[in-house]
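Take a look at the letters that make up each chain.
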Amino acid sequence: MEIKVWIDKWKAGQTAFHQSDVEPRLIQYFSELNPGTALVPLCGKSLDLIWFADRGFKVVGVEASELACRSFFSENKISFTEKSEHGFICFESKSITLWCGDFFAFTPEPGTRFTAAYDRAALIALPDSFRIRYAAHLKEIISEYSSGDFQLLQISIEYAPGAIPGPPFSVGEGEIRGLYGNTFEIKKLESLDDHFPNGAPITESVYLFTKIPGDKPHPPRPE
């Protein structure tokens with residue numbers, strides 16, 4: 001699933017994955033996260049970014065679609081500056097910065113120290129081979145650009161094979177622990193059973209990842 005697929009989805013208006021309200025699980029479990037600077041991969045034009053910013057966070061989002069980035073600022077009437085850097089377009093406001101480009105090529109600015117990250121629909125948007133790459137790159141970013149008490153709020157879904165074609169894809173607890181267990185202590189906060197519109201059952205789970213003590217951040221990469 002190449003980056004162009006998602007860019008084309010935004011251009012065609014195929015954005016059923018976009019939520020018109022703040023994610024309820026974020027509201028419910030927001031207090032679990034350490035304040036500071038939050039990373040939001042594959043963020044789209046999510047209103048969850050504003051939820052973080054309104055509560056004192058600096059927010060760094062990464063999104064492939066330039067249309068989604070521009071729509072986020074225009075629809076929410078947020079002024080921003082714009083620059084091109086390292087193959088990305090950077091849209092920056094007082095509290096929210098969106099880097100438009102390929103997440104797998106994303107490197108934070110030197111001196112960045114993330115205290116938290118949030119993944120509502122990034123991991124489950126990717127097929128299995130890309131999920132391995134995604135988790136590896138995310139862990140690399142966290143290793144080099146996070147504080148020692150870093151936490152990640154992860155939302156995932158699980159359903160029977162063939163229930164829907166995907167995305168979103170089914171990502172169960174076993175896979176999540178396989179992808180991230182060497183870097184984080186993983187706590188399941190909640191699981192809720194629901195159904196797709198076609199009646200197929202689905203389970204939504206929320207996890208809190210806490211960086212394992214002793215996994216110290218490395219110095220930022222030189223520019």
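Residues numbered from 1 in each chain as written. Predicted model: local features only at pLDDT ≥ 70, side-chain atom pairs only at ≥ 80, totals over all residues. Heavy atoms only, no water.

Visitor: Any chance you could explain the pairing of strand β9 (residues 201–211) here in plain terms?
Guide: On a regular strand, one side chain projects to one face of the sheet and the next to the other, so that they alternate. The sheet contact formed by strand β7 (residues 146–158) and β9 spans eight bridges and is antiparallel. Directly across from Glu158, in β9, lies its bridge partner Thr203. In the sheet, strand β8 (residues 184–195) pairs with β9 via 11 bridges, with the strands oriented antiparallel. Bridge pairing in β9 links Asp193 to Thr203. Counting the residues that bridge the hairpin from β8 to β9 gives five residues, and of these Gly199 lies at a positive phi of roughly 95°. (Pairing = 2+ DSSP bridges. Helix = DSSP H or I, 4+ residues; strand = E, 2+ residues; numbered from the N terminus.)

Visitor: What is the right way to read the nonpolar core from this model?
Guide: The tendency in soluble globular proteins is for nonpolar side chains to be buried as a group. Of all hydrophobic cores here, the largest spans 38 residues; its most connected members are Leu39, Phe106, Tyr134, Leu138, Ile176, Tyr180 and Phe209. Counting residues per element, the ones that place at least two in this core are β2 (58–63), β4 (88–92), β6 (114–119), α5 (128–145), β7, α6 (173–180), β8 and β9. At seven residues, α5 tops the list of elements feeding residues into this core. Those residues in contact with Leu39 that sit more than four places away from it in its chain are Val60, Val62, Phe106, Phe114, Ala116, Ala117, Tyr118, Leu138 and Ile141. The next biggest cluster of nonpolar side chains, apart from the first, holds 29 residues, and it includes Cys43, Phe73, Tyr118 and Leu153. (Core = buried A, V, L, I, M, F, W, Y, C linked by side-chain atoms within 4.5 Å. Buried < 20%, exposed > 50% of the residue type's maximum accessible area, 1.4 Å probe, protein only. Contact = heavy atoms within 4.5 Å.)

Visitor: Mind showing me how you'd approach unusual backbone geometry here?
Guide: Excluding glycine, most residues fall at negative phi; most peptide bonds, likewise, are trans. A cis geometry characterises the amide bond from Gly166 onward to Pro167, with omega recorded as 0°. Looking at the element boundaries, Pro167 is found in the loop between β7 and α6. Cis geometry marks the peptide bond from Pro167 to Pro168, where omega comes out at 5°. Along the chain, Pro168 turns up in the loop between β7 and α6. Residues other than glycine seldom take positive phi values, yet Leu42 does so here, at roughly 50°. Residue placement: Leu42 occurs in the loop between β1 (37–41) and α3 (48–54). If you check the backbone angles, His86 has positive phi at about 55° while not being a glycine.

Visitor: Help me understand the side chain of Gln154 in this model?
Guide: Residue placement: Gln154 occurs in strand β7. Its relative accessible area of 0% is what places Gln154 among the buried residues. Apart from residues no more than four positions distant in its own chain, Gln154 is found in contact with Asp119, Leu123, Ile176, Tyr180, Ser205, Val206, Tyr207 and Phe209.

Visitor: What should I look at first to understand the packing of α5 against α6 in this one?
Guide: Axis angle and axis distance: for two packed helices, these are the angle between their axes and the distance between the axes, and together they describe the pair. Two elements in contact, α5 and α6, have axes whose closest approach is 9 Å; the angle formed by their N-to-C orientations is 45°. As the angle between them shows, α5 and α6 are arranged oblique. Crossing angle aside, the handedness with which α5 passes α6 is right-handed. Mapping the contact onto sequence places Arg131, Ile132, Tyr134, Ala135, Leu138 and Lys139 in α5 and Glu175, Leu179 and Tyr180 in α6. Considered class by class, the residues forming the contact of α5 with α6 number six nonpolar, no polar and three charged. (Axes fitted to C-alpha atoms, helices over the stretch in contact; angles between N-to-C directions. Parallel < 35°, antiparallel > 145°, perpendicular 65-115°, else oblique. Left-handed = near helix turned anticlockwise from the far one by under 90°. Nonpolar A, V, L, I, M, F, W, Y, C, P; charged D, E, K, R; others polar.)

Visitor: Could you clarify how one ought to interpret the packing of aromatic side chains in this entry?
Guide: Think of a pair of aromatic rings as described by two things: how far the centres are apart, and how the planes are tilted against each other in angle. Taken as a whole and assessed by the stated rule, the structure comprises 20 aromatic pairs. Taken together, a centroid distance of 5.3 Å and an interplanar angle of 65° make the contact between Phe30 and Phe52 edge-to-face. Remark: Phe52 occurs in helix α3 and Phe30 occurs in the loop between α2 (24–29) and β1; sequence separation between them is 22 residues. Just as Phe30 is buried, Phe52 falls in that class too. Following the ring pairs from residue to residue traces out a cluster consisting of Phe30, Trp51, Phe52, Phe57 and Tyr118. For Arg55, the ring lying beneath its charged end belongs to Trp51, and the centroid distance is 3.2 Å. (Phe/Tyr/Trp six-rings, centres within 6.5 Å; stacked < 30°, edge-to-face > 60°. Lys NZ or Arg CZ within 6 Å of the ring centre and 35° of its normal.)

These figures capture arrangement, not role.
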